[in-house]
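Each chain, written out:
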Amino acid sequence: MSKTIYILNGPNLNLLGKRQPEIYGHDTLDDVARNCAAVAAEFGLETDLRQSNHEGEIIDWIHEAREKAAAIVINPAAYTHTSVAILDALNTFEGPVIEVHISQVHKREPFRHHSYVSHRSDAVMAGFGIGGYALAVRHLGLTLGG
Ligand code: CA2
């Protein structure tokens, strides 16, 4: 079985730590990648963190994960609230899927309260800041076995 966890990130998250720190904090996506790799290593697992501003590219990565990943951690960003296509792609993936949101989306505007992706997600993290990613990876480390 694959030992890699794909950590997929949607539009604008390349700006993490560079804009709107009052909402998303000061840490960057590189910090997220480092934290997740360190936690995964405790369990003999690896991570592959990617970010795209393009819906189709995220879908292609989910298809790739079908062959190459043991689990997916995904922050679809704004596509969370709009993308049936990402939901459909995730429904073709057989391993665990954990949805992560840096902010507590349910405290924010009503349009952020619904997630298409949550129809597939096995667990959802929201409001833990970037710590939510590492918590998701720890959960996967504890439950994937192997
Ligand atoms: O809280 C989250 O992680 C979100 O998925 C972030 C999305 C937002 O549309 C979701 O409702 C909740 C926005 C990502 C934008 O990321 C930025 C990061 C730094 C600066 C500007 C945007």
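Residues numbered from 1 in each chain as written. Predicted model: local features only at pLDDT ≥ 70, side-chain atom pairs only at ≥ 80, totals over all residues. Heavy atoms only, no water.

Visitor: Looking at this model, I keep getting lost on the overall build of the protein. Mind explaining?
Guide: Helix and strand counts for the protein stand at 5 helices and 5 strands. In the protein, the succession of α and β elements from N to C terminus is β-α-α-β-α-β-α-β-β-α. Whereas a compact globule of 146 residues would reach a radius of gyration of roughly 15 Å, the protein reaches 14 Å, a difference of no more than 12%. When the backbone C-alpha atoms are referred to their principal axes, the protein occupies close to 40 × 30 × 25 Å. When the 146 residues of the protein are sorted by exposure, 46% land in the buried category. Of the contacts made within the protein by residues no fewer than 6 positions apart, 76% connect residues no fewer than 24 positions apart. Of the side chains in the protein, 12 bear a positive and 17 a negative charge, and the two mean positions are spaced by 4 Å. (Helix = DSSP H or I, 4+ residues; strand = E, 2+ residues; numbered from the N terminus. Rg over C-alpha atoms; globule rule 2.2 N^0.38 Å. Buried < 20%, exposed > 50% of the residue type's maximum accessible area, 1.4 Å probe, protein only. Contact = heavy atoms within 4.5 Å. Lys, Arg positive; Asp, Glu negative; His and termini not counted. Charge placed at Lys NZ, Arg CZ, Asp CG, Glu CD.)

Visitor: How should the pattern of salt bridges be read in this particular structure?
Guide: For side chains of opposite charge, pairing can occur when their charged atoms come near one another. Within this structure, the stated rule accounts for 7 salt bridges. Salt-bridge contacts for Asp 48 lead to Arg 50; the nearest nitrogen and oxygen are separated by 3.0 Å. Taking the shortest distance from any N to any O, the salt bridge between Arg 120 and Asp 122 comes out at 3.0 Å. Members of the salt-bridge network, linked through shared partners, are Asp 48, Arg 50 and Glu 64. (Salt bridge = Lys/Arg side-chain N within 4 Å of Asp/Glu carboxyl O.)

Visitor: Mind showing me how you'd approach the site of the ligand here?
Guide: Near the ligand, the surroundings consist of 17 residues, among which Asn 75, His 81, Ile 102, Ser 103 and Arg 112 are the closest. Between Asn 75 and the ligand, the recorded distance is 2.8 Å, taken from a side-chain N or O atom to an oxygen atom. Within the side chain of Ser 103, one N or O atom sits 2.6 Å away from an oxygen atom of the ligand. Look at the ligand: alone it shows 510 Å² of surface, and the protein chains cover 94% of it. One can see that the ligand is located within the largest pocket. When the residues that make up the shell around the ligand are grouped by side-chain class, the tally is 9 nonpolar, 6 polar and 2 charged. (Near = heavy atom within 4 Å. Polar contact = N/O pair within 3.5 Å; in protein donor to acceptor, adjacent residues only side chain to side chain. Areas by Shrake-Rupley, 256 points an atom, 1.4 Å probe, with all protein chains shown as cover. 1 Å grid on protein atoms, 1.4 Å probe; cavity = no way out; pocket = protein on both sides within 12 Å on 5 of 7 lines; lining within 4 Å. Sits in = over half its atoms within 2 Å of the grid points. Nonpolar A, V, L, I, M, F, W, Y, C, P; charged D, E, K, R; others polar.)

Visitor: I tried to follow the sheet that holds strand β5 (residues 123-126) on my own but got confused; where do I start?
Guide: Note: strands within a sheet are paired through backbone hydrogen bonds, in either parallel or antiparallel orientation. Spatially, β2-β1-β3-β4-β5 is the arrangement adopted by the 5 strands of the open sheet, whose pairing is parallel. Because the sheet does not close on itself, it has two edges, and the strands there are β2 (46-51) and β5. Sheet twist, expressed as the average angle between the axes of neighbouring strands with direction ignored, equals 15°. The pairing of strand β1 (residues 4-9) with strand β3 (residues 71-75) spans 5 bridges and is classified as parallel. For Ile 7, the partnering residue across the bridge sits in β3 and is Val 73. Taken strand by strand, helix α3 (residues 55-68) contacts β1, β2 and β3, and its axis lies near 170° from that of β1. (Pairing = 2+ DSSP bridges. Axes fitted to C-alpha atoms, helices over the stretch in contact; angles between N-to-C directions.)

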